[in-house]
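# An overview of the molecular structure
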Amino acid sequence: MEFNFDMQALVPLFTDWGIKIVLALLIYIVGKWIAKRITGFIGKIMQRADMDETLVTFLSNLVYAILLAAVILAALDKLGVPVTSLLAILGAAGLAIGLALKDSLGNFAAGVMLVFFRPFKKGDFVEVAGVAGTVDEVRIFSTVLTTPDNKQIIIPNGQVGADSITNYSAKEERRVDMVFGVSYDDDLKVARKVLTELCANHPLVLEDPATKIFVMNLGESSVDFAVRPWAKTADYWTVYGDLLEQGKLALEEAGCSIPYPQSDLHLHPTNPLSKMFKD
């Protein structure tokens with residue numbers, strides 16, 4: 001049996017498919033470029049409207065994803081793929097995909113809640129899901145933090161939304177909590193005066209709210225003063241470090257001693273150990 005292969009009959013078919021493939025690629029490339037331009041334009045409008053940067057980034061990513069999906073569908077349609085049937089198939093498979101990706105969908109939903117309720121914004125120092133760091137970005141599925149030692153931490157939005165959020169940057173002012181211990185033999189009035197003058201003379205300590213200084217505990221080896229000055233949030237660690245160092249030096253200069261835990265050993269005369277120490 002002989003087969004006659006007519007090359008001429010296939011030329012129109014190859015030509016037709018070649019044109020379709022080229023047009024589909026053009027639609028994808030040009031459409032992707034247009035999607036980026038539209039996303040950038042929308043982002044600029046939102047920035048001019050003085051919207052939060054976190055919200056701008058999140059919505060821009062979402063718009064770009066939707067536009068890119070539309071471009072891909074248009075390219076498939078040019079190739080002759082029945083888009084309507086494809087959408088029906090995707091819709092039928094949506095339930096199975098949703099169950100398989102329930103964690104990702106949960107992260108997406110949590111991301112939407114974070115963006116619109118805005119418990120924090122870009123640049124805030126927060127503690128979420130057991131991690132403390134500065135907020136870099138809230139993505140569609142995750143939140144990106146940078147730790148104080150410059151490590152990048154990516155946390156799923158589901159964990160961020162499910163856990164408590166501590167925003168250290170939410171308020172303009174913060175109270176600096178410190179404890180100074182002095183000996184039981186020291187003059188408490190002198191110690192209080194030293195600590196009061198120390199806080200009053202620091203340039204970054206706020207006058208209002210007023211600093212609170214009081215005896216908070218009678219410990220095993222020290223009388224503990226609670227020192228509660230207020231500072232701008234941006235100055236918190238500067239004030240904390242300065243007062244801690246200067247407080248120790250000032251107390252020692254005033255004749256106060258800063259005790260450390262210690263134990264006194266008393267030996268009874270009848271105890272054999274007393275003879276050893278005596279000898």
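So, a few notes on the structure that sits alongside this text.

### Observations concerning the overall build of the protein
- Each helix and strand counted, the protein has eight helices and ten strands in total.
- With 279 residues in all, the protein has 27% of them scored as buried.
- Expressed as a percentage of contacts within the protein between residues at least 6 apart in sequence, the contacts between residues at least 24 apart total 63%.
- Here the protein has roughly 18800 Å² of accessible surface; of this, 61% comes from carbon and sulfur atoms.

### Structural notes on the pattern of salt bridges
- Evaluated as defined, the whole model comprises six salt bridges.
- Aspartate 124 is the partner of lysine 121 in a salt bridge, and the nearest nitrogen-oxygen pair spans 3.3 Å.
- The class for aspartate 124 is buried, based on a relative accessible area of 5%.
- Ionic pairing is found between glutamate 252 and lysine 248, a salt bridge with its closest N-O pair at 2.6 Å. Taken together, the residues span about one helical turn, with glutamate 252 and lysine 248 both in helix α7 (residues 236-253) at a distance of four residues.

### What about the packing of aromatic side chains?
- By the definition in use, this model includes four aromatic pairs.
- Relative to tryptophan 237, the ring of tyrosine 236 lies with its centre 5.0 Å away and its plane at 85°, an arrangement referred to as edge-to-face.
- Relative to tyrosine 240, the ring of tyrosine 236 lies with its centre 6.3 Å away and its plane at 15°, an arrangement referred to as stacked. Residue tyrosine 236 and its partner tyrosine 240 are located together in helix α7, separated by four residues, close to a single helical turn.
- Judged by its relative accessible area of 26%, tyrosine 240 is partly exposed.
- Sitting over the ring of tyrosine 236, arginine 174 keeps its end group 3.9 Å from the ring centre.

### A word on the side chain of threonine 233
- Looking at where threonine 233 falls in the secondary structure, it is placed in the loop between β10 (230-232) and α7.
- Residue class for threonine 233 comes out buried when judged on its relative accessible area of 19%.
- When neighbours within four sequence positions are excluded, threonine 233 is seen to be in contact with Tyr168, Ser169, Lys171, Glu172, Glu173 and Arg174.

### Focus on the sheet that holds strand β3 (residues 142-146)
- One open sheet holds the five strands; their spatial order is β4-β3-β2-β1-β5, and the pairing between them is antiparallel. Each end of this open sheet is capped by a strand with a single partner; those strands are β4 (152-156) and β5 (165-167). Taking each pair of neighbouring strands and ignoring which way they run, the sheet shows an average axis angle of 40°.
- In the sheet, strand β2 (residues 131-138) pairs with β3 via four bridges, with the strands oriented antiparallel. Bridging from a neighbouring strand, glutamate 137 pairs with valine 144 of β3.

### Structural notes on the sheet that holds strand β9 (residues 223-228)
- Spatial strand order, β7-β9-β8: three strands in an open sheet with antiparallel pairing. What marks the edges here is a single partner per strand, and that holds for β7 (178-182) and β8 (212-218). Taking each pair of neighbouring strands and ignoring which way they run, the sheet shows an average axis angle of 30°.
- Where β7 meets β9, five bridges bridge the pair, whose relative direction is antiparallel. Within β9, the position partnered with phenylalanine 180 by the bridge is phenylalanine 225.

Cut-offs used in this document
- Residues numbered from 1 in each chain as written.
- Predicted model: local features only at pLDDT ≥ 70, side-chain atom pairs only at ≥ 80, totals over all residues.
- Heavy atoms only, no water.
- Helix = DSSP H or I, 4+ residues; strand = E, 2+ residues; numbered from the N terminus.
- Buried < 20%, exposed > 50% of the residue type's maximum accessible area, 1.4 Å probe, protein only.
- Contact = heavy atoms within 4.5 Å.
- Areas by Shrake-Rupley, 256 points an atom, 1.4 Å probe, with all protein chains shown as cover.
- Salt bridge = Lys/Arg side-chain N within 4 Å of Asp/Glu carboxyl O.
- Phe/Tyr/Trp six-rings, centres within 6.5 Å; stacked < 30°, edge-to-face > 60°.
- Lys NZ or Arg CZ within 6 Å of the ring centre and 35° of its normal.
- Pairing = 2+ DSSP bridges.
- Axes fitted to C-alpha atoms, helices over the stretch in contact; angles between N-to-C directions.

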